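Secondary and tertiary structure notes
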Amino acid sequence: MSLVITFFMTLFTVLCCQAQDQVHLLTGEVYEGKIEEVGIDSIRLTQTLNQKKTKEIIIPNFRVSYFQHQNGEQEFIAHDVITLKNKVILAKIVEVTEDDVKYLDAQDNSSEIKSISQNKILSVQFGEGEQKTLYDTIFLIDGETIKGVVVELGIDSVSFKNIKNDNTLDYIANNQVEKIIYKSGYEEVFSFDKIDKGKENKKWWKFW
């Protein structure tokens, strides 16, 4: 009888040690078990603790780097991305307001909603691929681009807040500008004819 019990206990141990599904977090942690469901916001995983007891774990998708099935197939999770001048934050974006972006940091285990000022952000991209432009983009005729907030279109130059220079007010000559795409999506194309007419008519445009 004891041999039978020992056999089944050994069999159970072997089965438990066989390949399992794995969920890899961005923090480096790995959860093993059986993936029951991959939902829009979370992954539901069942872990077997012993012959009679299992535990269900709900893991938010935004904290997951990728998950791997028993057969070795891997699937990666797309994250919201906040790009700063010298840093990239993987996150779950909660809200984008006129002044800041509120988010949950995917690379720590905190449930604290953090906030970062828009004037520190270059771009925001959502996991599904949508990119939200927070600034106007000035395209120069030499191929360079400048991101900032256009303040005024003058007779000879464009004045703008340059995000690379801590939002200081900068100027660039109109004859160096090919076009401006504003964060609203509106596109302003420059031409020498338009610049010359502007000088003749002494017209100024302001953008607030």
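Refer to the preceding data block for the structure.
A brief look at the structure comes next. (Residues numbered from 1 in each chain as written. Predicted model: local features only at pLDDT ≥ 70, side-chain atom pairs only at ≥ 80, totals over all residues. Heavy atoms only, no water.)

Observations concerning the layout of surface pockets
Its volume calculated, the second largest pocket comes out at about 260 Å³. Its residues placed into classes, the lining of the second largest pocket shows five nonpolar, three polar and three charged. (1 Å grid on protein atoms, 1.4 Å probe; cavity = no way out; pocket = protein on both sides within 12 Å on 5 of 7 lines; lining within 4 Å. Points joined across faces, edges and corners; volume = space filled by probe spheres on them. Nonpolar A, V, L, I, M, F, W, Y, C, P; charged D, E, K, R; others polar.)

A closer look at the pairing of strand 14 (residues 145–153)
Note that strand 13 (residues 136–140) and strand 14 share four bridges and pair antiparallel. The partner of Asp-136 across the bridge, within strand 14, is Gly-148. Between strand 13 and strand 14, which follow one another and run antiparallel, lie four residues, and Gly-143 among them has a positive phi close to 100 degrees. Counted between consecutive antiparallel strands, the loop separating strand 14 from strand 15 (residues 157–162) contains three residues. (Pairing = 2+ DSSP bridges. Helix = DSSP H or I, 4+ residues; strand = E, 2+ residues; numbered from the N terminus.)

Structural notes on the side chain of Asn-162
Within the element layout of this structure, Asn-162 appears in strand 15. Residue Asn-162 is classed as buried on the basis of its relative accessible area, which comes to 9%. Apart from the residues lying within four places of it in its own chain, the contact partners of Asn-162 are Ile-146, Lys-147, Asn-167, Thr-168 and Asp-170. (Buried < 20%, exposed > 50% of the residue type's maximum accessible area, 1.4 Å probe, protein only. Contact = heavy atoms within 4.5 Å.)

A look at the sheet that holds strand 11 (residues 121–125)
With antiparallel pairing, the six strands of this open sheet are ordered in space as 10-9-8-7-11-12. Where the open sheet ends on each side, the last strands, each with one partner, are strand 10 (114–117) and strand 12 (131–132). One ladder, built from four bridges, connects strand 7 (residues 80–84) with strand 11; its direction is antiparallel. Residue pairing in the sheet places Val-81 in a bridge with Gln-125 of strand 11.

Topic: the packing of aromatic side chains
Evaluated as defined, the whole model comprises two aromatic pairs. Here the aromatic rings of Tyr-66 and Phe-76 are separated by 5.0 Å at their centres, their planes lie at 35 degrees, and the arrangement is tilted. One end of the pair, Tyr-66, is in strand 5 (residues 64–68); the other, Phe-76, is in strand 6 (residues 74–76), and 10 residues separate them in sequence. Taking relative accessible area as the criterion, Tyr-66 reaches 18% and is therefore assigned buried. (Phe/Tyr/Trp six-rings, centres within 6.5 Å; stacked < 30°, edge-to-face > 60°.)

What about the nonpolar core?
In terms of nonpolar packing, the biggest core is built from 14 residues, with Ile-82, Val-101, Ile-121 and Val-124 touching the most fellow members. Of all elements in the fold, only strand 7, strand 8 (88–96), strand 9 (100–105) and strand 11 reach the threshold of two or more residues within this core. A total of three residues in this core trace back to one element, the largest contributor, which is strand 8. Each residue touching Ile-121, except ones within four places of it in the same chain, is listed here: Ile-82, Thr-83, Leu-84, Val-101, Ile-116, Leu-134, Tyr-135 and Ile-163. Ile-138, Leu-140, Ile-172 and Val-177 belong to the second-largest nonpolar core, a separate cluster that totals 12 residues. (Core = buried A, V, L, I, M, F, W, Y, C linked by side-chain atoms within 4.5 Å.)

Some remarks on the pattern of salt bridges
Taken as a whole, this structure holds six salt bridges when the rule is applied. One salt bridge in this structure joins Arg-44 and Glu-56, with 3.1 Å as the shortest N-O distance. Residue Arg-44 is located in strand 3 (residues 42–48), and its partner Glu-56 is located in strand 4 (residues 54–60); the two are separated by 12 residues in the primary sequence. Overall, Arg-44 belongs to the partly exposed group, its relative accessible area being 27%. Glu-56 sits in the partly exposed class, given a relative accessible area of 47%. Of the charged contacts in the structure, one is a salt bridge between Asp-108 and Lys-114, with a shortest N-O distance of 3.1 Å. By relative accessible area, Lys-114 is classed as partly exposed at 22%. Residues participating in the shared-partner salt-bridge network are Glu-37, Arg-44 and Glu-56. (Salt bridge = Lys/Arg side-chain N within 4 Å of Asp/Glu carboxyl O.)

Some thoughts on the environment of Ile-163
Inspection of the secondary structure assignment puts Ile-163 in the loop between strand 15 and strand 16 (168–173). Using a relative accessible area of 2% as the deciding quantity, one classes Ile-163 as buried. Setting aside its immediate chain neighbours within four residues, Ile-163 contacts Lys-85, Ile-121, Leu-122, Tyr-135, Lys-147 and Gly-148.

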